[in-house]
Amino acid sequence: MNIILIGAPGSGKGTQSRLLIDKYNFVQLSTGDVLRAAIANKTDVGFSAKSYMDQGKLVPDEVMIALVEDYILGQKGKSVIFDGFPRTVAQAKSLDLMLEKNAAQIDKVIYFKINPQILVKRLTGRRTCSQCGEIYHVETKPSSKGHICEKCGGSLVHRADDREEVIGERLAQFEKNTGPTIEFYRGLKRLVEVDSMSEPDVVFKEIEKVLALANKG
Ligand SMILES: [Zn+2]
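Residues numbered from 1 in each chain as written. Predicted model: local features only at pLDDT ≥ 70, side-chain atom pairs only at ≥ 80, totals over all residues. Heavy atoms only, no water.

Undergrad: Could you give me a rundown of the packing of aromatic side chains, with the residues and numbers involved?
TA: One pass over the full model with this rule turns up one aromatic pair. When the ring of Phe-184 is compared with that of Tyr-185, the centres are 5.2 Å apart and the planes differ by 70°; the resulting orientation is edge-to-face. Across the pair, Tyr-185 and Phe-184 agree in class, each one buried. (Phe/Tyr/Trp six-rings, centres within 6.5 Å; stacked < 30°, edge-to-face > 60°. Buried < 20%, exposed > 50% of the residue type's maximum accessible area, 1.4 Å probe, protein only.)

Undergrad: Outline the coordination of the zinc ion, listing residues and values.
TA: Of the protein atoms, only Cys-129 (SG), Cys-132 (SG), Cys-149 (SG) and Cys-152 (SG) coordinate the zinc ion, at distances of 2.3 Å. One can describe the donor arrangement at the zinc ion as tetrahedral, given that its four donor atoms subtend angles of 98 to 116° at the metal. Summarised as a motif, the one-chain spacing of the donors to the zinc ion is C-x2-C-x16-C-x2-C. Linking Cys-129 in strand 5 (residues 126-129) with Cys-152 in the loop between strand 6 (135-137) and strand 7 (156-157), this pair joins segments that are 23 residues apart in sequence. (Donors = N, O, S within 2.8 Å, 3.2 Å for Na, K, Ca; no water. Tetrahedral: all angles 85-135°; square planar, octahedral: opposite > 155°, others 65-115°. Helix = DSSP H or I, 4+ residues; strand = E, 2+ residues; numbered from the N terminus.)

Undergrad: Describe the side chain of Lys-13, and please don't skip the residues or the numbers.
TA: Counting through the fold element by element, Lys-13 comes out in helix 1 (residues 13-23). Contact partners of Lys-13, with chain neighbours within four places excluded, come to Leu-5, Ile-6, Gly-7, Asp-83, Gly-84 and Phe-112. (Contact = heavy atoms within 4.5 Å.)

Undergrad: Got a sec to walk through unusual backbone geometry? Specific residues and values, please.
TA: Backbone torsion omega between Phe-85 and Pro-86 reads -5°, so that peptide bond is classified as cis. Position of Pro-86 among the secondary structure elements: in the loop between strand 3 (79-83) and helix 5 (89-101). Even without being a glycine, Lys-42 presents a positive backbone phi close to 55°. Mapped onto the secondary structure, Lys-42 falls in the loop between helix 2 (31-40) and helix 3 (44-54).

Undergrad: Just give me the short version of the sheet that holds strand 3, but keep the residues and values in it.
TA: A sheet is described by the order of its strands in space; here five strands give the open sequence 2-3-1-4-8, paired in parallel fashion. The sheet terminates laterally at strand 2 (26-30) and strand 8 (191-195), the two strands that pair on one side only. Neighbour to neighbour, the strand axes of the sheet diverge by 25° on average, direction disregarded. Pairing geometry for strand 2 and strand 3, over five bridges, is parallel. Among the inter-strand pairings, Leu-29 is bridged to a residue of strand 3, identified as Phe-82. Helix 2 contacts strand 2 and strand 3 of the sheet and is inclined by roughly 75° relative to strand 2. (Pairing = 2+ DSSP bridges. Axes fitted to C-alpha atoms, helices over the stretch in contact; angles between N-to-C directions.)

Undergrad: So, the pairing of strand 3: which residues are in play, and what are the values?
TA: A large share of strand 3 lies buried, amounting to five of its five residues. Neither face of strand 3 is open: one carries Ser-79, Ile-81 and Asp-83, the other Val-80 and Phe-82, and all of them are buried. Sheet topology note: the strand 1 (residues 3-7)/strand 3 ladder contains three bridges and is parallel. Paired with Ile-4 across the strands is Phe-82, a residue of strand 3.

Undergrad: Go over the pattern of salt bridges with me, naming the residues and quoting the values.
TA: Applying the stated criterion across every chain yields a total of 14 salt bridges. Residues Lys-23 and Glu-208 are paired through a salt bridge, measuring 2.8 Å at the closest nitrogen-oxygen approach. On the criterion of sequence distance, the pair formed by Lys-23 in helix 1 and Glu-208 in helix 8 (residues 200-216) is long-range, its members being 185 residues apart. Judged by its relative accessible area of 52%, Lys-23 falls in the exposed class. According to the relative accessible area criterion, Glu-208 is buried, its value standing at 16%. (Salt bridge = Lys/Arg side-chain N within 4 Å of Asp/Glu carboxyl O.)

Structure (structure tokens):
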């Protein structure tokens, strides 16, 4: 089973992805990880991607698609969670073609719906471990060790893009870029919406229901 998680920054997508990986046999494709790996391995596509990133430009569709295709070939037969990809309709269509070659498909696209006001509260209080990526919140999930990660001892940071002035801009960007992709999957009847402003365990149960139904179908 392959699924895509789509959600604005702060929609809780990352938390749910971790929960899914812990409980089920998913591997995760995150575009950030794939980019870093390609650059570290000095592949041709990695070089190409790096040249765009060094100029502060978005990595173009064809480069991103080539990177993802490499990754998928290495994960044949496994269940993949796609996070951060596809970002455009062109990427979505290419992904379908790549999976078809492996006799696979995207089974469900889970869209994390948000309420902007709640999201601002959530993000401005968010603290991220600089070492392991564990996520805390000053009100709802503080670390028992203050500014230190409970799991790995790394220091917790307030990411620059979690600051209020930046959030509005990020949300607008998200809608503009990802809106058409969401509509694309809605048209294919693969989109499922979850209310990501609920508690994480409630959201997780909702996602499990979706996956159980997809398995039956
Ligand atoms: Zn940590």
